[in-house]
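Structure at a glance
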Amino acid sequence: MAARAIDPADFNTVAQAFARRGAGSCAVSPPKNSVDLVGVKEDFQVRANGVILAAKVDDSLASCDDDGIIDGGELGRVELTLYNAGAELLPAGAIVEVHQPDPALVFPDGPSLVAPALEALSSTVLELPISIAAIQEYRPLTLTLRLVTPGGCVEFLDVPLDTFIHADLKPMASRDDDLEVTPSVWTTDGGNAEAVWRRSSGPEGGFFWHADDVGRPTDTPSSPPPSRSPPTSP
Ligand SMILES: [Ca+2]
Ligand SMILES: [Ca+2]
């Protein structure tokens, strides 16, 4: 990334040199602590590599209560960040779709979109309008965002996106923070904390705080709010 920022020609030369040695755009490293390199996947090509960096669902296109959650009668969007982690131009035509969507979801423009061309090591934000059919109760659900890129490293890439629909947020209504809604009362601190900690979701559903192993020493705590003792009796 630094080489490309200084001179794209140098970047291409470096990328080609890495690819000749098996570290092409689709190469996969072995586990960080591996001592036998088992798990490494070599690639001898320089190409594009589209990935979904982040995604969320909100009610921002036509909201009744501005709580960020899609309720009946509102129009929201799936917003996602598409990133080209490869060293070649990602040509226009990558497709992002909500794969096998829940019947409660409605997509006014269809459940998929076509991405524009994307330069190497650059990103773009895409959005897909979404609403819900007439339902009466709160529901958690998981969307599967499927990315298919022309000539991509894999046939398709699935990214789960946990969300919930038809709910109302009541700030300060609970003494507990189970991380299911935002904002969380937990805070992060320290250098580059936003690159280490993030609110994430898992295969079993539900949200939690996750810290990436960034491969270097960090001092970036995630902290609960200060505890408050009940007033003492005289
Ligand atoms: Ca709403
Ligand atoms: Ca609501």
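Values in this document were obtained by computation on a predicted structure and should not be read as measured data.

**Structural notes on the nonpolar core**
Counting residues in hydrophobic clusters, the biggest one holds 19 residues, and the most contacted among them are Ile-70, Val-78, Leu-82, Val-96, Ala-115 and Ile-130. For Val-96, the residues in contact, after removing those within four places along its chain, are Leu-80, Leu-82, Ser-112, Leu-113, Ala-115, Leu-126, Leu-145 and Leu-147. Listed in part, the five residues of the second largest apolar core include Ala-15, Val-46, Ala-87 and Ala-120.

**Some words on the sheet that holds strand β4 (residues 105-106)**
Spatial ordering of the open sheet is given by β1-β2-β6-β4, a layout of four strands whose pairing is antiparallel. Of all strands in the sheet, those with a lone pairing partner are β1 (50-62) and β4, marking the two edges.

**Remarks on the domain arrangement of the protein chain**
Domain boundaries assigned for the protein chain yield domain 1 (47-165) and domain 2 (170-223). The distance between the C-alpha centroids of domain 1 and domain 2 comes to 22 Å.

**Some details on helix α2 (residues 8-20)**
If you check α2, its first and last C-alpha atoms are 18 Å apart, about what 13 residues at 1.5 Å a residue would give, namely 18 Å. Count one or two residues on from α2 and you reach Gly-22, which has phi positive near 95 degrees.

Parameters and conventions
Residues numbered from 1 in each chain as written. Chains lettered and ligands numbered in written order. Predicted model: local features only at pLDDT ≥ 70, side-chain atom pairs only at ≥ 80, totals over all residues. Core = buried A, V, L, I, M, F, W, Y, C linked by C-beta atoms within 7 Å. Buried ≥ 20, exposed ≤ 12 C-beta atoms within 10 Å, placed from the backbone. Contact = placed C-beta atoms within 7 Å. Pairing = 2+ DSSP bridges. Helix = DSSP H or I, 4+ residues; strand = E, 2+ residues; numbered from the N terminus. Domains from an automatic or database assignment. Expected span 1.5 Å × (residues − 1).

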